[in-house]
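As a plain string of letters, each chain reads:
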Amino acid sequence: MGRARGTTLAAILAIGVLTAARSAPAMAAAPTKAEVDNAAHVLRVVMTALQSNEVEQPVKRALFDCLYSNSIGEISAASDKVIAANPGKVDRQDASQMLAVIAGACGYRPAPSKPAPRPAPKR
C-alpha cells in the first residue's frame, strides 16, 4: 500500500471512528476539523508504530490493547491532555515524541532500567 493511500485510509478510518464515537446519544455535536485532524494524526502514528520493526513488542502490545479498548477520539483526547499539561515539551510533528505521548496515554510504562553500578570507593 502506497504512503498516500495509507494516509488516506488512516484519515478515513479516523473520521469514521471519531464520528461513530461522537454519534452516541451523549455526544450530539459533530467533531471539529481540528479533532478529526488530531485523531487522524494519532491513528497514523499508531499504525506506523505497529508496522515498524524499530518499535519494541511491549509498546506495540500496549498500543494494540489501547486501540481495542478505546476509540481513536478517546486516545487523541488523552494525548491532547498530556501535551497541554506539558507546554512546549512535545512537538506534534515529531513522530517519536508523539508515539511516546500516545503510548503513555495508553498506559505503557517502560521497565525501570537498572541503576548504574556504583564506582569502587577510593582508598
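Residues numbered from 1 in each chain as written. Predicted model: local features only at pLDDT ≥ 70, side-chain atom pairs only at ≥ 80, totals over all residues. Heavy atoms only, no water.

## Concerning the state of the cysteines
Part 1: Going through the model one piece at a time under the given rule, you end up with one disulfide.
Part 2: Shown here is the disulfide that connects Cys 66 with Cys 106, its sulfur atoms set 2.2 Å apart. Handedness of the Cys 66-Cys 106 disulfide follows from its S-S torsion of about -75 degrees: it is left-handed. In this pair, Cys 66 sits in helix α3 (residues 57–69) while Cys 106 sits in the segment after α5 (95–105), placing the two residues 40 residues apart along the sequence.
Part 3: The class of Cys 66 is buried, set by a relative accessible area of 6%.
Part 4: Here Cys 106 falls in the buried class, since its relative accessible area comes to 18%. (Disulfide = S-S within 2.5 Å. Helix = DSSP H or I, 4+ residues; strand = E, 2+ residues; numbered from the N terminus. Buried < 20%, exposed > 50% of the residue type's maximum accessible area, 1.4 Å probe, protein only.)

## With respect to α3
Part 1: A rise of 1.5 Å per residue sets the reference length of α3, with its 13 residues, at 18 Å; its end C-alpha atoms lie 18 Å apart and thus fit the reference within 8%.
Part 2: All buried positions along α3 are accounted for by Val 59, Lys 60, Ala 62, Leu 63 and Cys 66. With its buried residues spanning 160 degrees around the axis, α3 presents them on a single face. Among the exposed residues of α3, those pointing more than 90 degrees away from its buried face are Phe 64, Tyr 68 and Ser 69. (Expected span 1.5 Å × (residues − 1). Arc of directions from axis to C-beta.)

## Structural notes on the environment of Asp 65
Part 1: Along the chain, Asp 65 falls in helix α3.
Part 2: On the accessibility criterion, Asp 65 (43% relative accessible area) is partly exposed.
Part 3: Spatially, the C-alpha atoms of Asp 65 and Cys 106 are 8.3 Å apart, while their sequence positions differ by 41 residues.

## A look at the nonpolar core
Part 1: Ranked by internal contacts, the top residues of the largest apolar core, which has 18 residues, are Val 42, Val 59, Leu 63, Ile 75, Met 98, Leu 99 and Ile 102.
Part 2: At the level of elements, α2 (33–51), α3, α4 (72–85) and α5 are the ones that each hand at least two residues to this core.
Part 3: Ranked by residue count, the leading element in this core is α5, at five residues. (Core = buried A, V, L, I, M, F, W, Y, C linked by side-chain atoms within 4.5 Å.)

## Here we look at α4
Three or four residues apart is the spacing at which side chains of an α-helix point the same way, because the helix has 3.6 residues per turn.
Part 1: Taking 1.5 Å per residue, 14 residues should reach 20 Å; α4 reaches 20 Å between its end C-alpha atoms and fits that length.
Part 2: Residues Ile 72, Gly 73, Ile 75, Ser 76, Ser 79 and Ile 83 constitute the buried set of α4. For α4, the buried positions fall inside an angular range of 160 degrees around the axis, keeping them on one side. Counted as exposed and oriented over 90 degrees from the buried face of α4: Lys 81, Ala 84 and Ala 85.

## Let's talk about the confidence of the model for the protein
Part 1: For the protein, per-residue confidence averages 80 on the pLDDT scale, and 71% of positions sit at 70 or higher.
Part 2: Between residues 7–23, whose pLDDT stays under 50, and residues either more than four places distant or in other chains, the model counts 24 contacts. (pLDDT = per-residue confidence, 0-100. Contact = heavy atoms within 4.5 Å.)

## Some words on the pattern of salt bridges
Part 1: Going through the model one piece at a time under the given rule, you end up with two salt bridges.
Part 2: Here Lys 33 and Asp 37 are joined by a salt bridge, their closest N and O atoms 2.9 Å apart. With Lys 33 and Asp 37 both in helix α2, this residue pair falls four residues apart, about one helical turn.
Part 3: Between Arg 92 and Asp 80 there is a salt bridge; the shortest N-O distance is 3.0 Å. (Salt bridge = Lys/Arg side-chain N within 4 Å of Asp/Glu carboxyl O.)

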